[in-house]
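# Overview (structure and organization)
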Number of protein chains: 2
Amino acid sequence: MSVTTPKGFIATGGSMGIKPTGRPDVAIVASATGAPIVAAATFTTNLAAAAPVQWSRAALEATCGEATAVLMTSGNANAATGQAGKDAVADLATAVANHFGVASNTVLVGQTGLIGIPFPLAATSNQLPGVLKTLGGTVTDGHRAAEAIMTTDTFAKEVVVEGPGFSVGGMAKGAAMLAPNMATMLCVLTTDAAVEATVLKERLLAAVEVTFNRLLTDGARSTNDTVICLASGVAGPADPDALEAALTEACASLAEMMAEDAEGATKVIHLVVQGATDDAAAHAAARNVADSLLVKCSMNGEDPYWGRVVSELATAGVPFDLDRCEVSYGGITVCRGGEAVAHDAAAVTAHMRERHITLTCDLGLGEGAATMLTVDLGYGYIDENRTTS
Amino acid sequence: MSVTTPKGFIATGGSMGIKPTGRPDVAIVASATGAPIVAAATFTTNLAAAAPVQWSRAALEATCGEATAVLMTSGNANAATGQAGKDAVADLATAVANHFGVASNTVLVGQTGLIGIPFPLAATSNQLPGVLKTLGGTVTDGHRAAEAIMTTDTFAKEVVVEGPGFSVGGMAKGAAMLAPNMATMLCVLTTDAAVEATVLKERLLAAVEVTFNRLLTDGARSTNDTVICLASGVAGPADPDALEAALTEACASLAEMMAEDAEGATKVIHLVVQGATDDAAAHAAARNVADSLLVKCSMNGEDPYWGRVVSELATAGVPFDLDRCEVSYGGITVCRGGEAVAHDAAAVTAHMRERHITLTCDLGLGEGAATMLTVDLGYGYIDENRTTS
């Protein structure tokens, strides 16, 4: 269940003192041979992209899709940290590159934590070599890496998917600031499939589009979102469609775990919008519902207040006709033709009490459909986010 | 301080049994002569517009901008209520029209409350004649009208603005679902200025654009938003610019009161975005910041976490350059050139403890500017909105 399950990878996790608590805050996933392998990534669309995002984006462009290692740290986002932040990333990457004897631009970096706090390079970089020495290839090592990227996560998020003749492993951190495109999240995927860099990138983007980009917890797009996939090639060539399917399954599992562990959430909502004029319209409508504070509050209160859902569908900027609209909770229709319809209220109440809620909206206009994963809004989210101290 | 301060108006408020508590739930503002006068209005852009919105929009079109009275009810939104909801509005308007002996399409209707619950016409309409009998022309009557449109408001919102030779009065209800365009709000403005219907509409829209449409509490655009202005003409012709200025001042006051009384809010945030490439870009950036759960949570926790502000500015879909970005709280700059800058932290802390917080973001790119009024997000909002019961 780890990034080290696919053949050809080593990993570790440890502490370099970024987190004042001394908890694990650095993870490394690398090519077991120590030589560069195929790599692809996708990053936040936030225009205030953090220094590590800028570094990794440029590195992958320079190498045309190769990397030896991924370094991920938690406890400081190294975002809005100016030139010193950029220099810090270069120093960290170079330290890892020197360990392997490779060019520094084959080391990708992801960081997560608070924005706008200078990265404590001087106080931490001397502890990186010690962590690098613990690099190993067992599943346990992968788990330590997954634990080291946690911030407010309550559990490490790991996955393994077996494809025909290859496997995909993954680890991620999520918890807050989750929104298309993308969640605030760091994710490292590994595969032993042999694949060209351009194909890997194309298939990775396709997988992310229908998984992480369909997850919305609080609507924020972070400065640090990073999904990196490394391919060792040890298992030999794989069918690209099979690889995309395995990547999609891995990303979907990790996205579910992120929703499950979203800051303060008590409900995971599986939102389906169908009957839209096209898929894009369905997606826009789903996003408007998922982003609604009022809908999220209703979910927290286990109240099937479909009026708020209809109101959000009708302000999504897509074609909408109230008279054709139908809304169901757990498959039980509560609104049909744009007005209340007799239904088994006790069954709806029982469904609302569950942790996983299915909310289906049929716009009755066409064949467009979209799904989205979201969460409720309650005291827990506010407790986590009202102060940084 | 009321809709009955301008000459030529009568008003009342009372109960017709829509609210199970028996609290006031119906308000009437009418031409004192009982004959139609000039009227203009603007309504929600929500495509699931409630039955009263559909009625009033059609009525004003049919009369080319005339109305005898405005009927407003609270306790049931009469939205997503199908044909029965439309019939209910027609019945209510006709009852008021019969009282005055005018055509029913000179009676405008606004309603607020829960969505999707059938309007209890049979149980309430017989109490409307009793309320109509109490119609009078004193300031006290206007206050009773303002109280009768409250839902979760904690105080009645009223304003009077004196223009050169005329006056403007207003009342509104807000509290939740406040967002451009517009707040969930009902608002009736009155003026004794003599003005043509087309001019009144143009000036009313201009006033709303820079006031109610710059107020964002929870980002929801309601099914029922309605702003209606009646002009009796009793004071004679007014300069249109002076009228617009008075309408704008009245709307701005009411918008401030709505922010002050937003559901569960503990802070009113005066957000300024300047230095944008143009005003539209500044407005989009301001809206993204105001709409951010994380920024709202920080405000609730009195935490000047500018990193979240920068992150939202950078995902607004408008030109942004982190290196030029500056953020200030209460005029004290905490971020300059996209990174932390030394500042008087005690002064920032003191400002964050105030009820009114000023957050200024300078994008450093041009002359575009926008202001927005928003609020924090805390337990109170969740308490108000997690269940409807």
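Conventions adopted
Residues numbered from 1 in each chain as written. Chains lettered and ligands numbered in written order. Predicted model: local features only at pLDDT ≥ 70, side-chain atom pairs only at ≥ 80, totals over all residues. Heavy atoms only, no water. Helix = DSSP H or I, 4+ residues; strand = E, 2+ residues; numbered from the N terminus. Buried < 20%, exposed > 50% of the residue type's maximum accessible area, 1.4 Å probe, protein only. Contact = heavy atoms within 4.5 Å. Areas by Shrake-Rupley, 256 points an atom, 1.4 Å probe, with all protein chains shown as cover. Salt bridge = Lys/Arg side-chain N within 4 Å of Asp/Glu carboxyl O. pLDDT = per-residue confidence, 0-100. Lys, Arg positive; Asp, Glu negative; His and termini not counted. Polar contact = N/O pair within 3.5 Å; in protein donor to acceptor, adjacent residues only side chain to side chain. Least-squares fit on C-alpha atoms with pLDDT ≥ 70 in both. Domains from an automatic or database assignment. Buried area = accessible area lost by both parts, 1.4 Å probe. Nonpolar A, V, L, I, M, F, W, Y, C, P; charged D, E, K, R; others polar. Axes fitted to C-alpha atoms, helices over the stretch in contact; angles between N-to-C directions. Parallel < 35°, antiparallel > 145°, perpendicular 65-115°, else oblique. Left-handed = near helix turned anticlockwise from the far one by under 90°. Phe/Tyr/Trp six-rings, centres within 6.5 Å; stacked < 30°, edge-to-face > 60°. Lys NZ or Arg CZ within 6 Å of the ring centre and 35° of its normal. Pairing = 2+ DSSP bridges.

## Observations concerning the overall build of chain A
The secondary structure content of chain A amounts to 12 helices and 19 strands. If you line up chain A on its principal axes, its C-alpha atoms span 70 × 50 × 35 Å. Across the 389 residues of chain A, 60% fall into the buried class. Within chain A, counting contacts between residues at least 6 apart in sequence, those at least 24 apart form 79% of the total. When the accessible area of chain A is evaluated, it comes to approximately 12700 Å², of which 53% is carbon and sulfur surface.

## Considering the pattern of salt bridges
When their charged atoms lie close together, side chains carrying opposite charge are able to pair. A complete count under the given rule lists 24 salt bridges over all chains for this structure. For A:Asp321, the salt bridge goes to A:Arg324, with nearest N and O atoms at 3.6 Å. When its relative accessible area of 49% is taken as the criterion, A:Arg324 is described as partly exposed. B:Arg336 serves as the salt-bridge partner of B:Glu326, at 3.5 Å between the closest nitrogen and oxygen. Linking B:Glu326 in strand E13 (residues 326-329) with B:Arg336 in strand E14 (residues 332-336), this pair joins segments that are 10 residues apart in sequence.

## What to know about the confidence of the model for chain A
All names here are of chain A. Averaged over every residue, the pLDDT of chain A is 92; the share at 70 or more is 95%. Element-level mean pLDDT values for chain A span from 39 in strand E10 (residues 182-183) up to 98 in strand E4 (residues 66-67). Note on residues 176-183: pLDDT under 50 across the span, and 53 contacts to partners over four residues away in sequence or across chains. This prediction of the complex comes with two scores: 0.88 for pTM and 0.87 for ipTM.

## Observations regarding the side chain of B:Lys296
Residue and element names in this part refer to chain B. Residue position: Lys296 is located in helix H9 (residues 293-300). Lacking a salt bridge, the buried Lys296 has Asp291 as its closest oppositely charged neighbour, with an N-O distance of 6.0 Å. One polar contact links the side chain of Lys296 to the main-chain carbonyl oxygen of Val375, over a distance of 3.2 Å.

## Notes on the relation of the copies chain A and chain B
With an RMSD of 0.1 Å, chain A superimposes on chain B once it is rotated by 180° and translated 0.0 Å along the axis. Taken together, the rotation and translation describe the operation of a two-fold axis. Taking the C-alpha atom as reference, chain A places A:Tyr379 closest to the rotation axis, 3.0 Å from it.

## Some points on the domain arrangement of chain A
Residue and element names in this part refer to chain A. Along its sequence, chain A is carved into domain 1 (9-260) and domain 2 (268-385). On the domain 2 side, the residues contacting the 14 residues of domain 1 number 16 residues. Summed over both sides, the interface of domain 1 with domain 2 buries roughly 1300 Å², with 50% coming from carbon and sulfur. Of all residues in domain 1, Arg214, Leu216 and Glu260 bury the most surface against domain 2, accounting for 46% of the area lost on that side. The interface formed by domain 1 and domain 2 holds one salt bridge in total. The tally of links between domain 1 and domain 2 comes to four residue pairs in polar contact (both at pLDDT 80 or more). When residues of the side of domain 1 that touches domain 2 are traced back to their parent elements, those giving at least two are strand E12 (215-216) and helix H7 (240-260). Top element by residues in the side of domain 1 that touches domain 2 is H7. It accounts for four residues. Here the residues of the side of domain 1 that touches domain 2 are counted per class, giving six nonpolar, four polar and four charged.

## Details of the packing of H9(B) against helix H10 (residues 306-313) of chain B
Residues and elements named next belong to chain B. The N-to-C vectors of H9 and H10 enclose an angle of 155°; their axes lie 9 Å apart at closest approach. Considering the angle they form, H9 stands roughly antiparallel to H10. Along this stretch, H9 crosses H10, giving a crossing that reads as left-handed. Within the contact between the two elements, H9 uses Leu294, Val295 and Ser298 and H10 uses Arg308, Val309 and Glu312. For the contact of H9 with H10, a count of residues per class yields three nonpolar, one polar and two charged.

## Things to note about the interface of chain A and chain B
At the junction of the two partners, chain A supplies 50 residues and chain B supplies 50 residues. Counting across the interface, chain A meets chain B through zero salt bridges. If you look at where chain A meets chain B, you find 12 residue pairs in polar contact (both at pLDDT 80 or more). Of all the secondary-structure elements, those providing two or more residues to the side of chain A that touches chain B are helix H2 (82-100), helix H9 (293-300), helix H10 (306-313), strand E17 (339-340) and helix H12 (379-385) of chain A. When residues in the side of chain A that touches chain B are grouped by element, the largest group, six residues, is from H10(A). Grouping the constituent residues of the side of chain A that touches chain B by class yields 22 nonpolar, 20 polar and eight charged.

## Quick word on the packing of aromatic side chains
Inspection of every chain in the model, using the stated rule, returns one aromatic pair over all chains. Between the aromatic rings of A:Tyr379 and B:Tyr379, the centroid separation amounts to 3.6 Å while the plane-to-plane angle is 10°, which identifies the pairing as stacked. Highlighted residues: A:Tyr379 in helix H12 and B:Tyr379 in helix H12 (residues 379-385), drawn from two different chains. A cation sits over an aromatic face here: A:Lys157 above A:Phe155, 4.3 Å from the ring centre.

## Notes on the side chain of A:Thr223
You can see A:Thr223 is positioned in the loop between E12 and strand E13 (226-231). At 2.5 Å, the side chain of A:Thr223 and the side chain of A:Asn224 are in polar contact.

## Digging into the sheet that holds E4(A)
All names here are of chain A. Read across the open sheet, the six strands follow the order E4-E3-E13-E11-E8-E7; overall the sheet is mixed. Either end of the sheet is taken by a strand with one partner, and the two such strands are E4 and strand E7 (157-163). In terms of strand pairing, strand E3 (residues 37-43) meets E4 through two bridges, oriented antiparallel. Considered in E4, the bridge of Val38 is made with Glu66. Helix H6 (residues 197-209) rests against E3, strand E11 (186-191) and E13 of the sheet, and its axis sits at about 35° to E3.

## A word on the sheet that holds strand E11 (residues 226-231) of chain B
Residue and element names in this part refer to chain B. The mixed open sheet is built from six strands, whose spatial order is E4-E3-E11-E9-E8-E7. In this open sheet, the two edge strands, each paired with only one partner strand, are strand E4 (66-67) and strand E7 (157-163). Set on the sheet, helix H1 (residues 51-63) makes contact with strand E3 (37-43), E4 and E11; between it and E3 the angle comes to about 140°.

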